[in-house]
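One letter stands for each residue in the lines below.
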Amino acid sequence: MEALIKAALEAGEIIKDGFKKNKEVKYKGSIDLVTEYDVAVENFLKKKLAPLFPSHTIIGEESATGKEEPEKAIYIDPIDGTTNFVHAFPFTAISIGFYENGEAVRGLVYNPVLDEMFCAEKGAGAFLNNERIKVSETSETKKSLIATGFPYSIVERKCPDVLSMLGRVLSGTRGIRRAGSAALDLCYTAKGTFDCYYEFNLKPWDVAGGICIVQEAGGKVTALNGGKHRITGDFIMASNGLIHEDMLEMIKC
Ligand code: IPD
Ligand code: CA
Ligand code: CA
């Protein structure tokens, strides 16, 4: 973990350097952006981590080729919250998640702009800047703050289901936040700021780092049917556990 933290801190310097500068923005889709900084951070981390973890397959967002699910994987999102990064909205992070035989075993999410380092290892608890974190104790959806995000394909596909769910969640909870980084949404659920987070159509690198952090903070992570979340699955819900079933019902009905 120490070596991982060191690599993330160094990679964070690249993000800090670019945060207030003009970026070279390219389009992967109509609103799906990538900058030279995403590529630089990913290349840096792959180079650092490959010799440290030779038995793992490293899958980074900007160089991934397909829906891979190797036995031992390190999923890297070099900048989760690229749109935020481009607009200098300080909710942007490096996310690194270790998966072994389908289980999240180690996670690190680092926001270099706000200097927030979240990390967790299976069985050892979850931490923010070396302080232990825990999920919230809210047991009523009416008193809960919910986080979510929207797929980039919403522009083309409109996604009526996503929008109707939003209506139900808005009227059944204290409110919704869409901060623009799945990795940080998970970490803020882990530290009890959000009581629940859900989203469709994410990729493994968006969530792999944060899942271990939520679980080690005492939270629950599932698929839409309430069963085990798979890293290549198309829906994730993470919560404090207490409102999980009610939130799944609210979303499904
Ligand atoms: C995105 C963010 C966002 C989520 C999107 C993701 P990116 O990742 O996590 O919060 O809603 O679906 O793709 O593109 O900034 O790495
Ligand atoms: Ca992402
Ligand atoms: Ca990204």
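Residues numbered from 1 in each chain as written. Chains lettered and ligands numbered in written order. Predicted model: local features only at pLDDT ≥ 70, side-chain atom pairs only at ≥ 80, totals over all residues. Heavy atoms only, no water.

Caption draft 1: Expanded view of the coordination of the calcium ion (ligand 3). At the metal site, the calcium ion (ligand 3) is ligated by Glu61 (OE), Asp77 (OD) and Ile79 (O), and these contacts range over 2.2 to 2.4 Å. Between the calcium ion (ligand 3) and the calcium ion (ligand 2), the interatomic distance is 3.7 Å, and Asp77 donates to each metal, bridging them. Residue Glu61 is found in the loop between strand S3 (57-60) and strand S4 (72-80), and its partner Asp77 is found in strand S4; the two are separated by 16 residues along the sequence. Residue classification places Glu61 among the buried residues on the basis of a relative accessible area of 18%. Classification of Asp77 by relative accessible area gives buried; the value is 1%. (Donors = N, O, S within 2.8 Å, 3.2 Å for Na, K, Ca; no water. Helix = DSSP H or I, 4+ residues; strand = E, 2+ residues; numbered from the N terminus. Buried < 20%, exposed > 50% of the residue type's maximum accessible area, 1.4 Å probe, protein only.)

Caption draft 2: Structural view of the side chain of Asp38. Among the secondary structure elements, Asp38 is positioned in helix H2 (residues 36-52). A polar atom in the side chain of Asp38 sits 2.6 Å from the side chain of Thr35. When sequence neighbours within four positions are dropped, the list of residues in contact with Asp38 reads Glu62, Pro78, Ile79 and Thr82. (Polar contact = N/O pair within 3.5 Å; in protein donor to acceptor, adjacent residues only side chain to side chain. Contact = heavy atoms within 4.5 Å.)

Caption draft 3: Spatial organisation of unusual backbone geometry. Of note, Ala88 is a non-glycine position whose phi angle comes to about 55 degrees, a positive value. Within the element layout of this structure, Ala88 appears in the loop between helix H3 (82-86) and strand S5 (93-100).

Caption draft 4: Just the pattern of salt bridges, in detail. This model, assessed by the stated rule, comprises twelve salt bridges. A salt bridge links Glu13 to Lys16; its shortest N-O distance comes to 3.3 Å. One end of the pair is Glu13 and the other is Lys16, both in helix H1 (residues 2-19) and three residues apart, which spans about a single turn. Residues Lys220 and Glu245 are paired through a salt bridge, measuring 3.3 Å at the closest nitrogen-oxygen approach. Highlighted residues: Lys220 in strand S13 (residues 220-222) and Glu245 in helix H8 (residues 244-252), separated in sequence by 25 residues. (Salt bridge = Lys/Arg side-chain N within 4 Å of Asp/Glu carboxyl O.)

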